[in-house]
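# Structure assessment
Here is what each chain is made of, one letter per residue.
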Amino acid sequence: MITLLDYGAGNVRSVINAIENLGESVQIARRPEEIANAEKLIFPGVGAFGSMMQILNQKGYIDPLRDFLQSGRPFFGICLGMQALFETSEEAFATEGLGILPGTVKRFDIDLAVPHIGWNGIHVKKPSRIFNGLAGTEKFYFVHSYYVDPVDDAVTLTSTDYAIAFASSVQQGNILGTQFHPEKSGRAGQLLLDNFLAVDRDKVTPPDIRTETKLAKRIIACLDVRSNDQGDLVVTKGDQYDVREAGTVRNLGKPVELAERYYREGADEITFLNITGFRDFPLEDLPMIEVLKQTSKQVFVPLTIGGGIRDYTDANGRTYSALEVAAEYFRSGADKVSIGSDAVLIVEEYLRSGQKTGKSAIETISRVYGNQAVVISVDPRRVYVPSPDAVPQHVIATDIPGPSGEAYCWYQCTIKGGREGRNLDAVALARTCEDLGAGEILLNCIDKDGTNSGFDIELINAVKQAVTIPVIASSGAGNAQHFEEVFRQTAAESALAAGIFHRREVPIDAVKTYLHGKVEIRPPDLTENC
Ligand code: 1PR
């Protein structure tokens, strides 16, 4: 029996799912005695250092936790749960950590994008039982802005490079901590957790010790989900957002089955978009919540869900905040939520008033769950203009001339699945959403969607140059070369596709095999079947 310390600040569902998938049962500690009496304790920290320590104090968890850590029983701290082991953190100067390991937690002060999000490698420093079965070349999923800086180098188990080399895991006796998320790190993460649970395994060093590690470009599979005319929830796919063929909604498969297939094929993340979410309230759409719950039991990479994340008043007059809608998705297994139509309306209002209300979906969700949990899904359409100053929007020079030979264009934001164009441009939307607290941009392109003609490189460059947060290039992928092109010609951190994966024209593992050696990726793992 594993005891999981949940101090109530966020989503621990994915850790529970990952452990249960390994055949172990999980008990959640909700009282100090349950920590003191645990056999093995896992502490997945979520949120911010200061509030975490405050809650641990209020609940009377600090003394039993220290006692547990000093007892020699197995402990695994994940992310903030590892940072808690140290003395202080730059995230909350006045707050003391548990102080079990001498050292501090520091914020990245580097030229690269912060948070450090995505799959990066490990440089193993000493043998440990958690490395059984690992080759040493695996990548693990990170999402953090702070890193631990131990006083004693001997506690550093692995280091990882992201502008600087930082301690990505620590071990002292039976106390283990990882900055990365094993529960979201595919088969490698499952192996590592399994090694932690089986305390009698030998200490080993993986055969291939990396001396330098690199953050991978991510390949993301997107599933547009909606009810078809028979009322079944299906994965569909549009051509320039039109999902009907001969009058009926295209049905490309069942959401959970497809997501599991993409996981096995090596998808680095999976995104579900509830494409009728702008009109159907998602908390009434229980099948979608069920899809998420089922998927998160089998799929151990980050899951994003979008569609209908906004404030809503139901037929009985009860108002739900966007934060409540998002919370339901997080509880059901999502790691990030994506906001589409509402982001456009929020930005229009902010640019009009010049005031941050602190109450928008972007601000409230990022405050509680962190910036990295808020993705903005942008649905722009190209509008040609004759000159750079023809309109007040952000205009770019284009190599693809318009119907009347226009050499300039801007990208018009739309809402309601492309049905309604607004005056806002995609560059202003992305930049303002970053300012409001968004952590990532999912950059679609209606003109390119479903065309298999390649990504809109000009759009991606225009938006990427305007923000420092990661950008997911989306729409138009038709072959593996298109992924190489987007990663070579833009600074996008990820590329997303739908149609070619659903129709098996180019499976994800084929994209990764093609990119291997050309672009830094997480290698395909055909045995991804834990
Ligand atoms: O506005 O917050 O309720 O969110 C609705 C979400 O649903 C938005 O993220 C919007 O992008 C999405 N959506 C709405 N209508 C459609 C539609 O297709 N009719 N899907 C739609 C957009 C997602 C794209 C697609 C890529 C790759 N499709 O990300 O997956 O274009 O496709 P490809 O590789 O086949 O070219 P809200």
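Here the structure is shown first, and the text comes after it.
Now for a look at the structure at hand. What you see is a predicted model, and the numbers here were worked out from it, not measured in a lab.

## Considering the overall build of the protein chain
- Secondary structure assignment for the protein chain yields 16 helices and 30 strands.
- In summary, the protein chain has a C-alpha radius of gyration of 23 Å against a globular reference of 24 Å for 530 residues, a match within 12%.
- In the protein chain, the proportion of contacts linking residues at least 24 apart, taken out of those at least 6 apart, comes to 70%.
- Carbon and sulfur atoms provide 46% of the accessible area of the protein chain, an area that totals close to 20300 Å².
- If the 53 positive side-chain charges of the protein chain are averaged to one point and the 70 negative ones to another, these points end up 2 Å apart.

## Description of the layout of surface pockets
- The volume enclosed by the largest pocket comes to roughly 950 Å³.
- Lining the largest pocket are 44 residues, with G47, V143, Y369, G370 and Q372 positioned closest to its centre.
- Counting only elements with at least two residues in the lining of the largest pocket, the list comes to α1 (13-21), β3 (40-45), β4 (75-79), α5 (80-83), β9 (139-144) and α11 (361-369).
- By residue number, the principal contributor to the lining of the largest pocket is α11, which donates four residues.
- Split by residue class, the lining of the largest pocket holds 20 nonpolar, 16 polar and eight charged.
- Considering only enclosed or pocket space, the second largest pocket measures out at about 820 Å³ in volume.
- Lining the second largest pocket are 47 residues, with Y241, L273, I275, D379 and G417 sitting closest to its centre.
- Looking at the lining of the second largest pocket, the elements that each hand over two or more residues are β14 (218-227), β18 (269-274), β22 (336-339), α10 (341-353), β30 (494-497) and α15 (499-502).
- Of the residues that constitute the lining of the second largest pocket, the class distribution is 15 nonpolar, 19 polar and 13 charged.

## What about the site of the ligand?
- Contacts to the ligand come from 26 residues, most closely from K237, S341, D379, N444 and D449.
- Between an oxygen atom of the ligand and a side-chain N or O atom of S377, the distance comes to 2.6 Å.
- In this structure, G450 approaches the ligand through a main-chain N or O atom, which is 2.8 Å from an oxygen atom.
- In isolation the ligand has 770 Å² of accessible area, and contact with the protein removes 99% of it.
- Breaking the shell around the ligand down by element, the ones donating at least two residues are β14 and β30.
- Each residue belonging to the shell around the ligand can be placed in one class, and the counts come to nine nonpolar, 13 polar and four charged.

Definitions and limits used
- Sequence order as written defines the numbering, with residues in each chain counted from 1.
- Only residues with pLDDT of at least 70 get local features here, since the model is predicted, and only at 80 or more are side-chain atom pairs given and counted; chain-wide, interface and lining totals rely on the full set of residues.
- Hydrogens and water molecules were not included; the side-chain quantities draw on all heavy atoms of the structure.
- Secondary structure counts use DSSP, requiring at least four H or I residues in a row for a helix and at least two E residues in a row for a strand, with both numbered from the N terminus.
- Note that the radius of gyration is over C-alpha atoms, with the globule rule given as 2.2 Å times the number of residues to the power 0.38.
- Contacts are residue-level and defined by heavy atoms, with any inter-residue pair within 4.5 Å sufficient.
- Calculation of accessible area relied on Shrake-Rupley with a 1.4 Å probe; when residues are assessed, cover is drawn exclusively from the protein chains displayed.
- We count Lys and Arg on the positive side and Asp and Glu on the negative side, and we leave His and both chain ends out.
- The atom standing in for a charge is NZ when the residue is Lys, CZ when it is Arg, CG when it is Asp and CD when it is Glu.
- Both site types are read off a 1 Å grid over the protein atoms alone. A 1.4 Å probe that fits but cannot get out defines a cavity, while an open set with protein on both sides within 12 Å along at least five of seven lines defines a pocket; lining residues have an atom within 4 Å of a point.
- Grid points are joined across faces, edges and corners, and a volume is the space filled by probe spheres set on the points.
- The nonpolar class holds Ala, Val, Leu, Ile, Met, Phe, Trp, Tyr, Cys and Pro. Asp, Glu, Lys and Arg form the charged class, and all remaining residues, Gly among them, are polar.
- Any residue with a heavy atom positioned within 4 Å of a molecule or strand is treated as near that molecule or strand.
- Throughout this description, a polar contact denotes any pair of N or O atoms lying within 3.5 Å of each other; where both atoms belong to protein, one of them has to be capable of donating a hydrogen while the other can accept it, and for residues adjacent in sequence the pair is counted only when both atoms sit in side chains.

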